[in-house]
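# Observations on chain architecture
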Amino acid sequence: MSGPLLLGRRRFLAVTGGLGVGLVAGCAAGPGPRTTAVGAGSAAVAELERARRAAGQQAVDVRLAAVTGQVDLGGRAVSTWTYGGELPGPEIRVRRGDLLRVELRNDLPQPTTVHWHGLALRNDMDGVPGLTQPEIAAGAGFGYEFTVPDAGTYWFHPHVGTQLDRGLYAPLIVEDPDEPGGYDEELVVVFDDWLDGTGRDPDRVLADLLAVGMGGMDMGGMAMPRSELLGGDAGDVMYPFFLANGRTAEAARSHRTRPGRRIRLRLINAGGDTAFRVGVPGTPMTITHTDGFPVVPTQAEAVLLGMGERVDSMIDMPDVAVPLIGLAEGKDGITQVLLQPGQGPAPDVTTAAVALAARPATLVNDIPAAESVTLPGREPDVVHDMVLGGPEPGYTWTINGETYDPGRGLPVRAAQRVRLRFENTTTMFHPMHVHGHTFQMRTAAGVGPRKDTAVVLPGQAVEVDFDADNPGQWLTHCHNVYHGEAGMMTVVSYVEQVAVPTTVRPGVPR
Ligand code: C2O
Ligand code: CU
């Protein structure tokens, strides 16, 4: 088979050895200065990391194993791939400014890497094979070591193939020693769509999509899922299960608490192809952070999370047990964590889900960032259009008409203010993720939230700004893992001018 994925993979391998160093970007053939890519192994990356390592920095050491094995989804055991046999994987918790050292051991039958989603870390620890590091072979290991720059709710997952749609994901929580707090306890909830070990695995699903195209796979005779909130198609893949912290709704995990407690919810969508509408029916929440960064506190009944997105929100615990529900948007799936302040009975989750579905859901794209993290106003030095296209022909998802090629990026230069303009010409939403930076969204009213992953609805254009202050080669892609693997990825590529030796020609006055 010679699908777009395989073509992409061949090109991909061709640059692995160079790790992006020495790739010529920009218009090398035309007039104007020649530029070269600032690769993961460049001095600029190492220098910036040195500057981040403050005296008295605390080091946190973690051992992590990517393994195969069985997990229990709640009365149903499935064989899958996880970190350390747990689902979600073991949480990593550090403080802003810490040095995080993770020794990864790869006991999977495939090569892998770890990507630290959302962190503006040093480029050579970003975990993108062929761009920032070589793949970690089966049976081998790799030491990740980097300064953690910002506080917030993050997560980590592999960046090889469809591995993220197995059980390989876990929260990465970065605490801020200076944060006021204002809550009594925390609850981290990871939402996921699940099919691994149920007769198909994610590699099979991708192969089917590539071979047969959209809707050609086993949809069980059902129509494509659609959602008004998502403005079109809700996904390409039907999942038998939806999970919250590794469990189905019927076998939900309970969080024991007490009436009146203020709980900070750290909500993470680790799904491969599913957006979740999240809320506690009858208990409004206050959204405080998007993708780790504070926003102007905003009340909501429910909030929409695209794949890769995180939202922190506060709730005040009522006197009775209530479910924190994740509705698989447009897919008729429900999952939950039960918030249990006493001994009372668990409410009926289906009734609660219907109640939640009837309430308005908030799209975080319009919530203004907190003043403390608002980027200073500045006109962009460079604007890159990113036209999102697909899935024709077959199952090909594109950016500016092209599938992924790590050697062909969007050039930016250090210290520029960069604007990306995502334009969705397709009938499905795309959660667009930029590695290594937290951008600021632009809204009709002006300042939007700081984010690293932004849902772009069908027929809409979304503009985001960031400062080019983290040199390297940064993958930028749709966080639908099947769209990404089918081509919808590119690179924000820091470039610098090639130093051309000055030649002095005799007889020509200088
Ligand atoms: Cu969760 Cu390339 O990212
Ligand atoms: Cu997409």
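Refer to the structure above for everything that follows.
Cut-offs used in this document
- Residues numbered from 1 in each chain as written.
- Chains lettered and ligands numbered in written order.
- Predicted model: local features only at pLDDT ≥ 70, side-chain atom pairs only at ≥ 80, totals over all residues.
- Heavy atoms only, no water.
- Buried < 20%, exposed > 50% of the residue type's maximum accessible area, 1.4 Å probe, protein only.
- Helix = DSSP H or I, 4+ residues; strand = E, 2+ residues; numbered from the N terminus.
- Arc of directions from axis to C-beta.
- Contact = heavy atoms within 4.5 Å.
- Donors = N, O, S within 2.8 Å, 3.2 Å for Na, K, Ca; no water.
- Polar contact = N/O pair within 3.5 Å; in protein donor to acceptor, adjacent residues only side chain to side chain.
- Phe/Tyr/Trp six-rings, centres within 6.5 Å; stacked < 30°, edge-to-face > 60°.
- Lys NZ or Arg CZ within 6 Å of the ring centre and 35° of its normal.

The α-helix winds at 3.6 residues per turn, so residues separated by three or four positions along the chain end up facing the same way. Regarding helix 4 (residues 349-358), the residues found buried are Val349, Ala352, Ala353 and Leu356. Along the axis of helix 4, the buried residues cluster in a sector spanning 100°; they form a single face. Opposite the buried face of helix 4, by more than 90 degrees, sit the exposed residues Thr351, Val354 and Ala358. Its buried side turned inward, helix 4 meets strand 17 (276-279), strand 20 (302-305), strand 22 (322-328) and strand 23 (333-340).

Before going further, it helps to spend a moment on the coordination of the copper ion (ligand 2). Surrounding the copper ion (ligand 2) are the protein donor atoms His430 (ND1), Cys478 (SG) and His483 (ND1), which sit 2.0 to 2.1 Å from the metal. Sequence spacing of the donors to the copper ion (ligand 2): H-x47-C-x4-H. With respect to burial, Cys478 and His483 carry one shared label: buried.

Looking now at the side chain of His430. Here His430 is to be found in strand 29 (residues 430-434). Residue classification places His430 among the buried positions, given a relative accessible area of 0%. Only 3.2 Å separates the side chain of His430 from the backbone oxygen of Met428, close enough to count as a polar contact. At 3.1 Å, the side chain of His430 forms a polar contact with the side chain of His483. The contact partners of His430, leaving out residues within four places of it in the chain, are Leu388, Trp397, Asn424, Ala454, Val455, Val456, Cys478, His483 and Met488.

By the definition in use, this model includes 9 aromatic pairs. Their ring planes at 80° and their centres at 6.1 Å tell us that Phe242 and Phe276 sit as a pair that is edge-to-face. Of the two residues, Phe242 is situated in strand 14 (residues 241-244) and Phe276 in strand 17; the sequence distance between them amounts to 34 residues. Assessed through its relative accessible area of 0%, Phe276 is described here as buried. Pairwise contacts between aromatic rings join Tyr83, Trp116, Phe142, Tyr144, Phe146 and Phe156 into one cluster. Positioned over the ring face of Trp81 is Arg166, at 3.8 Å from the centre of the ring.

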